[in-house]
Amino acid sequence: MDSEFSDGEGFGIEVILRDTEEEKGPCCPHGPTLLFEKQGGGETQGRRFYACSACRDRKDCSFFQWEDEKVSQARLLAREKENQSKQPPFSHQEYCSRFQEFVSLPLDRRRFCQECQLLLLPNEWSAHATHRALGDDITVARLRRPSLLLRPLENKKSNAQYLFADRSCHFLLDLLAGLGFGKLLCVGTPRLHELVKIRNQEAGNKALKSLLLDIDFRYAQFYGEEEFCHYNMFNHHFFNPERAEAVFKAFLSEEGPEKVVMVTDPPFGGLVKPLAHSFSRISDAWKTLQTSESCSQEMPMVWIFPYFFESRILQCLPSFSMLDYQVDYDNHPLYKHGKTGRRQSPVRLFTNLCPRSVVLPESEGYRFCSLCERFVSSGNQHCPICNACTSKDGRGWRHCTLCNKCVKPSWLHCAVCGHCALPDHPCGRSQTGCFTCSSLKHKHRACPHSGKRREDRGHTAGRRPGANLSKHTANRVAAKKGKPSPHTSKARKVT
Ligand SMILES: C[S@@+](CC[C@H](N)C(=O)[O-])C[C@H]1O[C@@H](n2cnc3c(N)ncnc32)[C@H](O)[C@@H]1O
Ligand SMILES: [Zn+2]
Ligand SMILES: [Zn+2]
Ligand SMILES: [Zn+2]
Ligand SMILES: [Zn+2]
Ligand SMILES: [Zn+2]
Ligand SMILES: [Zn+2]
């Protein structure tokens, strides 16, 4: 196992996942916290602590507790109060009745407060008098596109809300409908969810059902309880468990003719291991609801994430494979087509669907490789030595016989480092050895001087032999007083 991220001081932080109710961490406003363990050297080596599952920045959620810390009754009460105060201002039911009232108003009585991101009822106008508001033209058509009305969340560290370009949305919907799925479990894909409904109204399309699970509760204003659940995908937590879990289970059960597929597009800074763990729990819930013949299978899933997470995702979910399709976003400065964006998005589909069945559009330059039995980017050449179409970024990669693998076209083999790298790489420095004893002969995991070996702890997902774990994981800001805190993921420079 490799650490999921580092603390900015070169020490790794491992997430320790546990399943049972009793082992659930204490709660922050985002549900049960996750247990982390500091690896490597230093005073706090091996010490475990609880921190927020969803927020990468202490500014967004400051929860911190050592695993063995005694918490006073007064602090528990204060924490409970704080958690309550961070919940949405209205219950989902209240949001629904507000929506009914809102749509019954004439157009000139409809307002949306841009500062509070709230559909306003006339008796609330005065309280928002100094706020910027949209008015007069909040038509039914606009209410059907909440992702255009709401301001995308812009928290760079935890939750930048990058919305699919129409092209990618339509590709996904056509693909999944074409594969015979009738129900979409949209986990963190609000735009896909809204386009399902719009697509259903267009003539000739078979109606799809969709359930959105997202931490962004602003969407509760627009969708009924059967269509949206306030949910945290890093700890598989429903904020309103009694109601939402029933909705979730009813959606997953396939008693009707419709087959269900999950589509998720988590924030890119998110930790892979807890995400994979939540998706496995979704799949387990699906399995328990299936009839006998399908119960040995996994729930069909599509996880949208940058390609450089490939080894980490496949390590957690070995039945998945990465496909070449490049997902585009409307509001991402880099990952969109057009004048300002780079043409090549690094975001891909990871799926347990049969790769052969995922037909990628020829009009966008994809072709079928009969040796790999999957669709690949036109620039992705089949390497006879690797016996695979090896490019990850769509450019033609070349085989290096010394590294015995294909590498990016811009890389050259460096004799000093002993592997291929960019011509201006920090030469020699990639040989970071063990940070416990500084030896270059082994990594800290295998350090004979470290009392604690960690292979036997934490999540049980096995590492695939030879999996090449990327070190792109996140850097963390070292916390005050030696307290480690959850990481912040840095945007990876793509070369
Ligand atoms: C990168 S955006 C993906 C949006 C998607 N491309 C679309 O167009 O529908 C990430 C989404 O995940 C949601 N999200 C972020 N953190 C989450 C969490 N902890 N649990 C559930 N959803 C979360 C965000 O609100 C956002 O909708
Ligand atoms: Zn939190
Ligand atoms: Zn307001
Ligand atoms: Zn091939
Ligand atoms: Zn090769
Ligand atoms: Zn090489
Ligand atoms: Zn070098």
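Residues numbered from 1 in each chain as written. Chains lettered and ligands numbered in written order. Predicted model: local features only at pLDDT ≥ 70, side-chain atom pairs only at ≥ 80, totals over all residues. Heavy atoms only, no water.

Our working rule: UniProt positions are given in the numbering used here, feature names are shortened, and annotations may be inferred rather than shown by experiment.
The protein has the name rRNA N(6)-adenosine-methyltransferase ZCCHC4 in an unreviewed UniProt entry, where Conger conger is given as its organism. Listed under Sequence similarities (unreviewed entry) in UniProt, the entry text for the protein is "Belongs to the ZCCHC4 family."

1. A word on the coordination of the zinc ion (ligand 2)
Selection rule: Each metal's donors are the N, O and S atoms within 2.8 Å of it, or within 3.2 Å when it is Na, K or Ca, and because water is not part of the set, sites may look incomplete. The rule is simple: four donors are tetrahedral if all their angles sit between 85 and 135 degrees, four are square planar and six octahedral if opposite donors span more than 155 degrees and the others lie between 65 and 115, and anything that fits none of that is irregular. Put simply, DSSP marks the helices as runs of H or I at least four residues long and the strands as runs of E at least two long, and each gets a number from the N terminus on. Each residue is placed in one exposure class: buried if its accessible area under a 1.4 Å probe, protein chains only, is under 20% of its type's maximum, exposed if it is over 50%, and partly exposed if it falls in between.
At 2.1 to 2.4 Å from the zinc ion (ligand 2) lie its protein donor atoms, namely Cys28 (SG), His30 (ND1), Cys52 (SG) and Cys61 (SG). Coordination at the zinc ion (ligand 2) comes from four donor atoms whose angles at the metal span 103 to 116 degrees, giving a geometry best classed as tetrahedral. Along the chain, the residues donating to the zinc ion (ligand 2) fall in the pattern C-x1-H-x21-C-x8-C. Linking His30 in the loop between strand 3 (27–28) and strand 4 (31–32) with Cys61 in the loop between strand 6 (48–51) and strand 7 (64–66), this pair joins segments that are 31 residues apart in sequence. For the residue pair His30 and Cys61, the accessibility class agrees, reading buried in each case.

2. Quick word on the coordination of the zinc ion (ligand 3)
In this structure, Cys113 (SG), Cys116 (SG), His128 (ND1) and His131 (ND1) serve as the protein donors to the zinc ion (ligand 3), at separations of 2.0 to 2.3 Å. Note that the zinc ion (ligand 3) binds four donor atoms; their angles at the metal cover 103 to 117 degrees, and the shape is tetrahedral. Positions of the donor residues of the zinc ion (ligand 3), expressed as sequence spacing, correspond to C-x2-C-x11-H-x2-H. Taken as a pair, Cys116 in the loop between strand 8 (111–113) and strand 9 (118–120) and His128 in the loop between strand 9 and strand 10 (133–135) lie far apart in primary sequence, 12 residues in all.

3. Focus on the side chain of His92
Applicable threshold: When checking whether two residues touch, look at their non-hydrogen atoms; a contact exists if any pair is within 4.5 Å.
Looking at the element boundaries, His92 is found in helix 2 (residues 92–104). The class for His92 is buried, based on a relative accessible area of 14%. His92 has contacts with Ala220, Tyr223, Gly224, Glu225 and Phe228, leaving out every residue within four places of it along the chain.

4. Some thoughts on the nonpolar core
Heads up, the rule is: Joining through side-chain atoms within 4.5 Å is the link that ties buried Ala, Val, Leu, Ile, Met, Phe, Trp, Tyr and Cys residues into a set, and such a set is a nonpolar core. Annotation comment: domain bounds sourced from an automatic or database domain assignment.
Judged by nonpolar contacts, the single largest core of 97 residues is most densely connected at Leu185, Ile282, Trp303 and Ile304. Taken together, domain 1 (92–149) and domain 2 (166–384) each give at least three residues to this core, which thus spans both. Formed by 10 residues, the second largest nonpolar core is a distinct cluster that contains Val15, Leu34, Ala51 and Leu271.

5. Comments concerning the sheet that holds strand 9
For the record, the criterion: For two strands to be treated as a pair, DSSP must find at least two bridges joining them. A fitted line through C-alpha atoms represents every axis, and for helices the fit uses only the stretch in contact; the resulting angles, taken between N-to-C directions, go from 0 to 180 degrees.
Spatial strand order, 9-8-10: three strands in an open sheet with antiparallel pairing. Every interior strand has two partners, whereas the edge strands, strand 9 and strand 10, have only one. Ignoring strand direction, the axes of neighbouring strands in this sheet form an average angle of 25 degrees. Summarising the sheet, strand 8 and strand 9 pair through three bridges and their orientation is antiparallel.

6. Describing the site of ligand 1
The line we're drawing: Near is defined per residue: the residue qualifies when any heavy atom it owns lies within 4 Å of the molecule or strand. Under the rule applied, a polar contact is a pair of N or O atoms within 3.5 Å (in protein, one hydrogen donor and one hydrogen acceptor; residues adjacent in sequence only if both atoms are side-chain atoms). Method for areas: the Shrake-Rupley scheme with a 1.4 Å probe, in which residue coverage is limited to the protein chains shown. Nonpolar residues are Ala, Val, Leu, Ile, Met, Phe, Trp, Tyr, Cys and Pro. Charged residues are Asp, Glu, Lys and Arg, and all others, Gly as well, are polar.
Neighbouring residues of ligand 1: 22 residues in total, closest Tyr162, Phe164, Arg191, Asp214 and Asp265. The separation between an oxygen atom of ligand 1 and a polar main-chain atom of Phe164 is 2.8 Å. The contact in question runs from a nitrogen atom of ligand 1 to an N or O atom on the backbone of Met233, over 2.8 Å. Within the complex, the protein chains bury 99% of what would otherwise be the 600 Å² of accessible surface of ligand 1. When contributions to the shell around ligand 1 are tallied by element, the ones reaching two or more residues are strand 12 (159–160), helix 6 (190–201) and strand 15 (228–232). No other element matches helix 6, which puts three residues into the shell around ligand 1. Looking at the shell around ligand 1 residue by residue, the classes come out as 13 nonpolar, five polar and four charged.

7. Describing the pattern of salt bridges
What counts, and what does not: A pairing counts as a salt bridge when a side-chain nitrogen of Lys or Arg comes within 4 Å of a carboxyl oxygen of Asp or Glu.
Per the stated rule, a full pass over the model turns up 23 salt bridges. Here Glu124 and Arg98 are joined by a salt bridge, their closest N and O atoms 2.6 Å apart. Note that Glu124 is positioned in the loop between strand 9 and strand 10 and Arg98 in helix 2, a separation of 26 residues in sequence. Asp393 is paired through a salt bridge with Arg395; the nearest N and O atoms lie 2.8 Å apart. For Asp393, a relative accessible area of 6% gives the class buried.

8. Topic: helix 2
Three or four residues apart is the spacing at which side chains of an α-helix point the same way, because the helix has 3.6 residues per turn. Here is the rule we go by: Under the convention used throughout, the expected extent of a helix is 1.5 Å for every residue step, that is, one less than its residue count. The directions considered for the arc run from the helix axis to the C-beta atoms.
Compared with the 18 Å implied by 1.5 Å per residue over 13 residues, the 19 Å span of helix 2 between its first and last C-alpha is a close match. Taken residue by residue, helix 2 has His92, Tyr95, Arg98, Phe99 and Phe102 as its buried positions. For helix 2, the arc enclosing every buried residue in end-on projection is 115 degrees, short of the 170-degree limit, so these residues lie on one face. Opposite its buried face, helix 2 presents the exposed residues Gln93, Gln100 and Ser104, each directed more than 90 degrees away.

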